[in-house]
Each structure stands twice: as structure tokens, then as C-alpha cells.
Amino acid sequence: MSNANREAPPSAGRAGIKRELPEHFRDYRHVWVFIELERGEVHPVSFELLGEGRKLADKLGIQLAGIVLGPPGEATQHAVAEAFAYGADLVYLVEAPLLADYRNEPFTKAMTDLVNTHKPEILLLGATTLGRDLAGSVATTLLTGLTADCTELDVDVDGSLAATRPTFGGSLLCTIYTLNYRPQMATVRPRVMAMPPRTAKPVGRVVRHKLSMTEEEIITKVLGFNLDRQSAKANLAYADIVVAGGLGLGSAENLQLVKNLARAIGAEYGCSRPLVQKGWMPADRQVGQTGKTIRPKLYIAAGISGAIQHRVGVEGADLIVAINTDPNAPIFEFAHLGIVTDAIRFLPALTEAFTRRLSPHSHDKLAS
Amino acid sequence: MHIVICIKQVPDSAQIRVHPVTNTIMRQGVPTIINPYDLFALEEALRLRGAHGGEVTVLTMGPPMAEDALRKALTYGADRAVLLTDRCFAGSDTLATSFALSRAIVRIGETFGAPDIVFAGKQTIDGDTAQVGPGIAKRLGLLQFTYVAKIDSIDVDAREITVKRRSEGGTQMLKSRLPCLITMLEGTNEIRRGSLDDAMRAARSQIVKWSAAEAGIEDFNKCGLRGSPTVVKRVFAPTTRAEKATQIDMTDKTQHDLADELIASIFTRQPALEHELAFDGGQ
């Protein structure tokens, strides 16, 4: 449980050269996925990560473990059961009243103790506000590598984790390795990975670990928690249909056209990055790799040119419709359906056409 | 109260272009700015100074040209700027960066007084990792509050602080102790316009420049590439989809015709959608 070994100076080396893994890291095995349980609910990104973790574990011929940190009770037991249902072979469980609310101190302690005791090769966390807060602290405590916001995880020929992420604001991708340290840590944003199927798998082996910390040792106290109002909560990442607007809309007022279409077809609305930077829409509505990654059944992009970081964030959509005045806009390279026209004129027509088609009185027309 | 704020000079991402043939970033002529997320932290630091008195020290690690970002921060009203610059920092990942910055903050404490709060932006726009703030906190043994939407109160004498922190489904209200590290959420305030006095002072100010050794770093193996557990093996442009979008023919059509045609194409490709929309949509 000591960090003493980790302080050993690394052998000097240059990028791209595979070095020998130090002796004390050789018994690090298995893939771990942090099951993010907050206020009784498991964040779906945890299941998406179990899906990826399963693939990595199978390639390496090792086990997949879910890490559940939570207060004693039903919600925590449910999280354990769900971890198995989404593919975990075993679960490491730290159950303690101190873990009722997320606080950096006890969660970092619980996670680093678990790692130092049970030694995983790979540790994956969701890139949520909780996951990023925790991952940064854990990686620094363990003095190991952490790659944020990965869009692809794979195993190299020599068994190293190849973590690919966008770089330079999403203009390029890079593949990052943690060669001489363990665990190899990575975070992934919600919706970047596909949701794996849920199976009716029984609860398997649960390894319990005690949290060696008391409430007195934790300086930070939780005074309260304000749940977001449902109406204010943009559930962009998990929406089935998304309509988003870009600079082509010309003004903040014209975003109303996007909202109108979204309302007519029961969609969530969003925007591209420049609009957030202009202050036309709040940041939690930003669609793209640097905002929300989406995987809807239908995505309608109005007046969005389609920068790479936007593309990386929407590529998982089943059907992408692009409306843009510029026939050479990059968005037409990855959209499925395109219309070269002015979104400001076209959106009202589209809203009206959808409304007509979907109204209950239009059945005769549908049948014809 | 002494507040240290860590900033980063970043390329203005809106103006980054990738070379179409070589797939490398074309850096020439791309203007640099203070990482926009850092400005929310800087403004918060200046507000706290206004309410509680004290000093604001701005710190950055980077090449000599990062001095421009520090001078800009001084024009907003920061009292002092420290540039940590040394060739040995080249190639630092987030772990090595947090090591170097934490050493510099210790040295700032020894030289100008121990900080009560260390601020950082939520993340940078070029790296987007959000890891350096927590890294600094851990290395300095500071309490850590990321994604802070509001600092409700600070009692400097009692060493107490209460903050509202963004979580996935709501807002946490936390009470804790100084010193601590805070990363500010975007949109929580608006950076002030610096005064003319500040602008003149910024132009005249001596920026404190420290090499690794001057910042008190003894173990260079913890800096730069050597101190970075992660290694970038490959940089590449994402592969494009083989087919381009099917364009709806515009010839001789009104916007309404186009809309009907688009909807027909959508439902041809995704037949299940029409059924779902008829029930869920149209409220």
C-alpha cells in the first residue's frame, strides 16, 4: 500500500521507445472500470466503459473488474449488480457511509488504496465532473499516466494500452501510451463509446475493501445538494434526436428557429462551439468533441460548417442531415443527407412540414 | 490574502489550421491568447482581492513568449507575474506540468507569502484534460474544488470557505478550509476591463522569470519528457467517411418542396423514426 516504489526515478528515455516495465509493476493485471455512483444513480458512461473494458480484457486475456465506491445500501448493491450485468467478471467494493456524497478526499483515498492493494493494469473512468476530479487526483497520487477524453482504446501488439484522443482543440487525433507506469489510466466522455447490451448475468465475485478513513479526517463537509430542475437539464448526450445551429444562423435570435424545429419533433437542441464562444448559448448545449458527444438516431445540423472537433462529437449518429449554404463545407463530407440552402429560410419550412406530416389529422395523407 | 492563479498561453483555436497534405498543425501566424477558461479564475481572484484585500500573483509555465500572456493578465489588475521557463520543461505531460507548477508555487510562497487559494481554469482549450489543477492540488496537499460555480463565502481569519460546485445532476454546496485549489466553471463571471493605470503598470512591470533551478527544482528527472509517464506515439488526422452526403436536388424547388423531400428521405433511411416521432414529437 505504499507509494515508495513509485518514487523511483524513471529511466530516461525518449518518446516512442519501448522500455522495460520496472519489476514492481509487472504483477499489475486486469482492467478496471470505475462505476460512477452519485446520489443513488449509476452514470451510464460507466456501462459504456464496461463495454470497452470487456474488449480490452478479452484481447489481453485478463479479467474485467468494476469498482464501486458508495454508502451501504440498496443503491450501492444495485450498482454492483449492474456492473455484472454489463460485463464485469468481478467487482471491488468499498462500502462506507463517508462515500455517500462525492468528495475528493475519501474517494481518492478509496481508489488509490484499492489500486495499491489489487494492482490493475488499466483503469478507466468516465470524463464527467466527478470522474475528472477523481482521475486527476488518483493519477497524481500514484504518479502514473492519465489520458483524458479518449475516443478510442485499443491494445498494442506488446500489450500496452493505446489511448487515442483528439488534440489541438480537436483538429487532430493522437495516440498516447503510458509505457513504464501502472496502472495505465484513461478517461472517456459519455456517449463516445456505444452502450453494450445488458445481460441477465448473476452477481459474481465481490471483493470488499475497507476504507481506512474516518469522517473526522475529512476536512470538506457537504452542506447540501441542489438537484437541477428537470426542465433546465439538457439531456443532449442521450437524446434520440438533436437539432443544432451554427454560425450560419447569423444571429443569436435565429437560434429560435432551431428551438422551434426541436420542439416540433421532440428533439433536444444544441449549437456548435463558436456560438458558445460568442455567448449565444450556454456551454452545456455545445455539440462536439469539446462539448457533448452525441449518438442520436437523427442529427440535424443547421448552418454548421463541420470542424473536425464537431465531427468527432457527432459521428456516432445514425443519420446526419446537414443544411449549409456552402456546398464545400466540410460537414457534407460526413453527413448522410445534405441540402445546400440557407438554414434561416429552410428551418421554418422544415418545421412546418414536420408538423404537418406528424399531426394526427394527416393519416390520410400518410396512407396515400 | 494571497491568491495564486495559474494560467496558460494557448493558440487561438478558432484560427488553427491543419495542413491538408502533411496533417500537421500550421502554427505560423496563429495568434496566442490566455486560455479563455483561465479568465473566469482570474476574475474571481481579482474579486476576492477586492473583497478581502491582499495580492494576486499570476503564474505560467511556458516558453519565453508566454510573457505576453502574463503581461495581459497584469492589465486586468493582477499584482505580480511569474514566468517559469526552462528548456528542461519541454515535452511535459500533465503530471510533469503539475510537478513544475507546484514547485514554483512553493517558491512563490517562500518569496511572496504562502497562498491562501490557488486558482486554475476548468481546463485548457488546447489540451482539454482538466488534469493539471487536481495534479497541483495533490502535490501541494491542498483541498481541491473543481468546477466551482460560486464561492459563497470566505472567512480568512477562521480559514473557512464555502463553495457551490457543479456535479453531473446538480450543485454541491461544500464547506471546507483554506488553503485550497479551485478551478472555476466557465460563465460564472465576466473578466473586467483593466484600468488605464493597470495597463501602464503592466507595460512597466518586471516579470519574475524563474528557471527550473531558480524555482527550487532539484530533480530534473521529474520535468519535461523524462518526468512524463505518457508518451505521444502518433499524431494523425481522422479518416474520412468513404461517401459524401447525398445532396437533395435544389433545382426549381421551393423551400416547402425541399422540406417535404428531406423528410421523405429521412424516413426512407430511418423508417422507425416516423413512428416514434408521431407518438413522441409534435407536442
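Residues numbered from 1 in each chain as written. Chains lettered and ligands numbered in written order. Predicted model: local features only at pLDDT ≥ 70, side-chain atom pairs only at ≥ 80, totals over all residues.

Section: the sheet that holds strand β9 (residues 161-167) of chain A
Where we set the bar: Strand pairing requires that DSSP identify at least two bridges connecting the strands. Under the scheme used here, helices are H or I runs from DSSP no shorter than 4 residues and strands are E runs no shorter than 2 residues, and both carry numbers assigned from the N terminus. Here an axis means a line fitted to C-alpha atoms, over the contact stretch when the element is a helix, while the angle between two N-to-C directions is reported on a 0 to 180 degree scale.
One open sheet accounts for 4 strands, arranged β8(A)-β9(A)-β10(A)-β14(B); its pairing is antiparallel. Looking at the sheet topology across the chains shown, the edges are occupied by β8 (152-155) of chain A together with β14 (230-236) of chain B. With direction set aside, neighbouring strand axes in the sheet form an average angle of 30 degrees. Sheet topology note: the β8(A)/β9(A) ladder contains 4 bridges and is antiparallel. Residue Leu153(A) lies in a different strand from β9(A), and its bridge partner there is Ala163(A).

Structural notes on the interface of chain A and chain B
Which entries qualify depends on this criterion: Each residue gets a C-beta atom placed from its backbone, and two residues are in contact if those atoms lie within 7 Å. Each residue is assigned to one class: nonpolar for Ala, Val, Leu, Ile, Met, Phe, Trp, Tyr, Cys and Pro, charged for Asp, Glu, Lys and Arg, and polar for all the others, Gly among them.
Across the contact, 88 residues belong to chain A and 78 residues belong to chain B. The class makeup of the residues in the side of chain A that touches chain B is 46 nonpolar, 28 polar and 14 charged. Relative to strand β11 (residues 170-177) of chain B, strand β13 (residues 221-227) of chain A runs antiparallel, the two sharing 6 bridges. Looking at β11(B), one finds that Leu227(A) is bridged to Gly170(B).

A short note on the pairing of strand β16 (residues 298-302) of chain A
Residues and elements named next belong to chain A. So the rule is basically this: Whether a residue is buried, exposed or partly exposed follows from its count of other C-beta atoms within 10 Å of its own C-beta, namely 20 or more, 12 or fewer, or something in between, respectively; the C-beta atoms are built from the backbone. Here the term right-handed applies to a crossover when the path leading from its first strand over the helix to its second strand runs clockwise, the strands being oriented away from the viewer.
Counting buried positions over the 5 residues of β16 gives 5, a clear majority of the element. For strand β14 (residues 241-245) and β16, the ladder comprises 5 bridges, and the chain directions are parallel. The residue of β16 that forms the bridge with Val243 is Ile300. Sheet topology places β16 next to strand β17 (residues 319-323); 5 bridges connect them, and they run parallel. Counterpart to Ile300 in the pairing with β17 is Val321. In this fold, the crossover linking β16 to β17 by way of helix α7 (residues 308-314) has right-handed handedness.

A closer look at the packing of helix α9 (residues 343-358) of chain A against helix α6 (residues 255-269) of chain B
Between two packed helices, both the angle of their axes relative to each other and the distance between the axes serve to describe the pair. Put simply, the test is: The cut-offs work like this: below 35 degrees is roughly parallel, past 145 is roughly antiparallel, 65 to 115 is roughly perpendicular, and the gaps in between are oblique. By definition, turning the near helix anticlockwise from the far helix through less than a right angle yields a left-handed crossing, and turning it clockwise yields a right-handed one.
One can describe the packing of α9(A) onto α6(B) by two numbers: an axis separation of 8 Å at closest approach and a directional angle of 55 degrees. Taken together, the axes of α9(A) and α6(B) are oblique relative to one another. Both α9(A) and α6(B) take part in a crossing whose hand is right-handed. For the pair α9(A) and α6(B), the contacting residues are Arg345(A), Phe346(A), Ala349(A), Leu350(A), Ala353(A), Phe354(A) and Arg357(A) in the first and Gln255(B), His256(B), Leu258(B), Ala259(B), Asp260(B), Leu262(B) and Ile263(B) in the second. Tallied by class, the residues present in the contact of α9(A) with α6(B) amount to 9 nonpolar, 2 polar and 3 charged.

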